[in-house]
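Read off the chains here:
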Amino acid sequence: MESSEFVAEVEGVWKVYITRGASIPALRGVSLRIRRGEFLCIMGPSGSGKTTLLNLIGGLDSTSKGRILIDGIDLTGLSTSELSRLRHSLMGYIFQSFNLISVLNAVENVELPLIFDPIEGEELRTRAKALLERVGLGHRLTHRPSELSGGEQQRVAVSRALISNPHIVLADEPTANLDGKTGREILELMKKLNREDKVSFIIATHDRRVTEFADRVVNLIDGEVVGEEIVKEGSPALNK
Ligand SMILES: Nc1ncnc2c1ncn2[C@@H]1O[C@H](COP(=O)(O)OP(=O)(O)O)[C@@H](O)[C@H]1O
Ligand SMILES: [Mg+2]
């Protein structure tokens with residue numbers, strides 16, 4: 001699985017939504033390659049195609065044209081069950097509105113992606129607790145989402161995204177529902193996990209603050225990549 005130097009490759013991708021007879025080209029020939037360990041920001045205004053692009057990279061939707069490779073594997077050729085296995089083992093997802101299960105507590109939410117996996121309940125619990133401790137929530141293990149602040153809920157969601165040791169974490173507007181200070185804390189946390197675990201992060205946002213944390217920023221407008229900036233010296237984005 002470690003064969004490709006890129007965790008994700010987007011090659012000439014188009015996505016056209018057909019709704020009530022109208023066709024909306026949300027992505028128009030996007031090409032992009034994401035390196036192992038890279039912290040990539042996809043920046044663009046509302047409606048530019050960011051969520052569409054993340055959903056395609058995450059295997060949640062299929063391209064109209066072009067292809068997506070994850071760890072060198074072309075998603076187009078996979079059966080539904082192969083695709084869901086690949087998603088399950090290689091990807092983590094973080095959303096704007098946290099998407100935690102309200103009747104489960106913090107540890108149970110973090111365990112959820114792996115509860116049907118062949119892993120001892122006790123080992124899973126230990127892993128989930130360790131992750132929550134890493135994100136600073138060791139004292140909130142049995143709290144339910146309604147008993148947690150927005151920032152704390154997003155920390156639970158970050159832990160849930162990492163429970164399967166994914167190669168890529170996809171985060172769609174992860175700071176949009178958080179105040180400035182809390183948003184920054186979540187970004188710092190994601191950056192720390194990115195560095196420590198060498199897991200790639202792809203963050204879609206219209207929040208300029210995210211660019212401070214990114215190795216590379218790709219600008220998307222009207223479904224097209226209109227430019228990119230490499231932010232940090234020595235970032236994985238510069239590896240040749
Ligand atoms: N399921 C859908 N059906 C039809 N049009 C869609 C759908 N999802 C997104 N779009 C359209 O595609 C374009 C890009 O949307 P989106 O990817 O959500 O952009 P962003 O996340 O940057 O705000 C928009 O014009 C949006 O209205
Ligand atoms: Mg969006």
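Residues numbered from 1 in each chain as written. Chains lettered and ligands numbered in written order. Predicted model: local features only at pLDDT ≥ 70, side-chain atom pairs only at ≥ 80, totals over all residues. Heavy atoms only, no water.

**Q** Can you break down the environment of Gly138 residue by residue, with the values?
**A** Inspection of the secondary structure puts Gly138 in the loop between α4 (121-134) and α5 (150-162). Contacts of Gly138, omitting those with residues within four sequence positions, involve Leu132 and Glu133. (Helix = DSSP H or I, 4+ residues; strand = E, 2+ residues; numbered from the N terminus. Contact = heavy atoms within 4.5 Å.)

**Q** Give me the nonpolar core: which residues, what numbers.
**A** If you look at the biggest cluster of nonpolar residues, it comprises 40 residues, and the most contacted ones within it are Leu132, Val156, Met190, Phe201 and Ile203. For this core, the secondary structure elements donating two or more residues are β3 (39-43), α3 (106-111), α4, α5, β7 (168-172), α6 (180-197) and β8 (200-205). Once residues lying within four places of it in the same chain are set aside, the contact partners of Met190 are Phe39, Ile94, Val158, Pro174, Phe201 and Ile203. Within the second largest apolar cluster, 28 residues are counted, among which are Val13, Ile68, Ile202 and Ala204. (Core = buried A, V, L, I, M, F, W, Y, C linked by side-chain atoms within 4.5 Å. Buried < 20%, exposed > 50% of the residue type's maximum accessible area, 1.4 Å probe, protein only.)

**Q** Go over the site of ligand 1, please, and point to the residues and values.
**A** Taken together, the neighbourhood of ligand 1 is formed by Tyr17, Thr19, Ile24, Ala26, Pro45, Ser46, Gly47, Ser48, Gly49, Lys50, Thr51 and Thr52. The contact in question runs from an oxygen atom of ligand 1 to an N or O atom on the side chain of Lys50, over 2.8 Å. Notes on ligand 1: free accessible area 560 Å², of which the protein chains cover 63%. Secondary-structure elements contributing two or more residues to the shell around ligand 1 are β1 (6-19), β2 (22-35) and α1 (50-57). Sort the elements by how many residues they give to the shell around ligand 1 and α1 lands first, with three residues. Tallied by class, the residues present in the shell around ligand 1 amount to four nonpolar, seven polar and one charged. (Near = heavy atom within 4 Å. Polar contact = N/O pair within 3.5 Å; in protein donor to acceptor, adjacent residues only side chain to side chain. Areas by Shrake-Rupley, 256 points an atom, 1.4 Å probe, with all protein chains shown as cover. Nonpolar A, V, L, I, M, F, W, Y, C, P; charged D, E, K, R; others polar.)

**Q** Which residues make up the packing of aromatic side chains, and what are the values?
**A** In the structure shown here, the tally under the stated rule is one aromatic pair. The ring of Phe39 is capped by Lys191, whose NZ or CZ atom sits 4.9 Å from the centre of that ring. (Phe/Tyr/Trp six-rings, centres within 6.5 Å; stacked < 30°, edge-to-face > 60°. Lys NZ or Arg CZ within 6 Å of the ring centre and 35° of its normal.)

**Q** Describe the layout of surface pockets, with residues and values.
**A** The volume enclosed by the largest pocket comes to roughly 320 Å³. If you go around the largest pocket, you meet 15 residues; those closest to its centre are Met91, Gly92, Tyr93, Pro113 and Arg160. Elements supplying a minimum of two residues to the lining of the largest pocket: α2 (80-90), β6 (91-94) and α5. The class makeup of the residues in the lining of the largest pocket is eight nonpolar, five polar and two charged. (1 Å grid on protein atoms, 1.4 Å probe; cavity = no way out; pocket = protein on both sides within 12 Å on 5 of 7 lines; lining within 4 Å. Points joined across faces, edges and corners; volume = space filled by probe spheres on them.)

**Q** I'd like a rundown of the packing of α5 against α6, residues and numbers included.
**A** At a minimum axis separation of 10 Å, α5 and α6 run at an interaxial angle of 20°. Overall, the two elements α5 and α6 adopt an arrangement that is roughly parallel. Crossing of α5 over α6 shows right-handed handedness. Contact residues: Gly151, Gln154, Arg155, Val158 and Leu162 in α5; Thr182, Glu185, Ile186, Leu189, Met190 and Leu193 in α6. In the contact of α5 with α6, the residues fall into six nonpolar, three polar and two charged. (Axes fitted to C-alpha atoms, helices over the stretch in contact; angles between N-to-C directions. Parallel < 35°, antiparallel > 145°, perpendicular 65-115°, else oblique. Left-handed = near helix turned anticlockwise from the far one by under 90°.)

Bear in mind that shape data such as this cannot, by itself, settle questions of function.
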